[in-house]
Amino acid sequence: MSAAPGRPQASERPGDRGAETTPVASPCIDVCRMSPATGLCEGCLRTLDEIAAWSRLDDDAKSQVWQAIEQRREEMFRP
């Protein structure tokens, strides 16, 4: 099973890092359009606040954003 476009592979996801620390990848997939209905970016499913803060967040906070994105994705695309 392959990951959705722009979605990191399991080995790239926060929390899956090995002993060597690597930066947490940005969820941005260059589809930057805010949905008036949800208040989320249609590309990465982040809020404006999460997008604006990303470059200042530490890896733990970025991992929390990724967890929120995963939860949003599950809720939005639940069958």
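As the structure is a prediction and not an experimental result, all values here were calculated from the model.

Let's talk about the overall build of the chain
In step 1: Across its full length, the chain carries 2 helices and 0 strands.
In step 2: Going through the 79 residues of the chain one by one, you find that 28% of them count as buried.
In step 3: The contacts of the chain with a sequence gap of at least 6 include a subset with a gap of at least 24, amounting to 43%.
In step 4: By element, 51% of the accessible surface of the chain is carried by carbon and sulfur atoms, the whole surface being about 5600 Å².

A short note on the nonpolar core
In step 1: Among the nonpolar cores identified, the biggest contains 6 residues, and these are Val24, Leu45, Trp54, Val65, Trp66 and Ile69.
In step 2: The contacts of Val65, once residues within four sequence positions are left out, are Arg46, Glu50, Trp54 and Leu57.

Section: the environment of Trp66
In step 1: Here Trp66 is to be found in helix α2 (residues 59-76).
In step 2: Residue Trp66 is classed as buried on the basis of its relative accessible area, which comes to 5%.
In step 3: In the structure, Trp66 is positioned 21 residues away from Leu45 in sequence and 9.6 Å away in space, judged by C-alpha atoms.

Re the pattern of salt bridges
In step 1: All chains considered together, the criterion is met by 3 salt bridges.
In step 2: Across the pair Glu50 and Arg72 runs a salt bridge, and its minimum N-O distance is 2.8 Å. A residue pair is termed long-range when its members are at least 10 positions apart, and Glu50 in helix α1 (residues 48-53) and Arg72 in helix α2 qualify at 22 residues.
In step 3: Since its relative accessible area comes to 18%, Arg72 is described here as buried.

Quick look at the state of the cysteines
In step 1: If you walk through the whole model with that rule in mind, you get 0 disulfides.
In step 2: Not engaged in a disulfide, the cysteine Cys28 finds its nearest cysteine sulfur in Cys32; these two sulfurs lie 4.1 Å apart.
In step 3: Its relative accessible area of 33% is what places Cys28 among the partly exposed residues.
In step 4: Counting only cysteine sulfurs, Cys44 is the nearest neighbor of Cys41, a cysteine outside any disulfide, at a range of 3.8 Å.

The rules behind the values
- Residues numbered from 1 in each chain as written.
- Predicted model: local features only at pLDDT ≥ 70, side-chain atom pairs only at ≥ 80, totals over all residues.
- Heavy atoms only, no water.
- Helix = DSSP H or I, 4+ residues; strand = E, 2+ residues; numbered from the N terminus.
- Buried < 20%, exposed > 50% of the residue type's maximum accessible area, 1.4 Å probe, protein only.
- Contact = heavy atoms within 4.5 Å.
- Areas by Shrake-Rupley, 256 points an atom, 1.4 Å probe, with all protein chains shown as cover.
- Core = buried A, V, L, I, M, F, W, Y, C linked by side-chain atoms within 4.5 Å.
- Salt bridge = Lys/Arg side-chain N within 4 Å of Asp/Glu carboxyl O.
- Disulfide = S-S within 2.5 Å.

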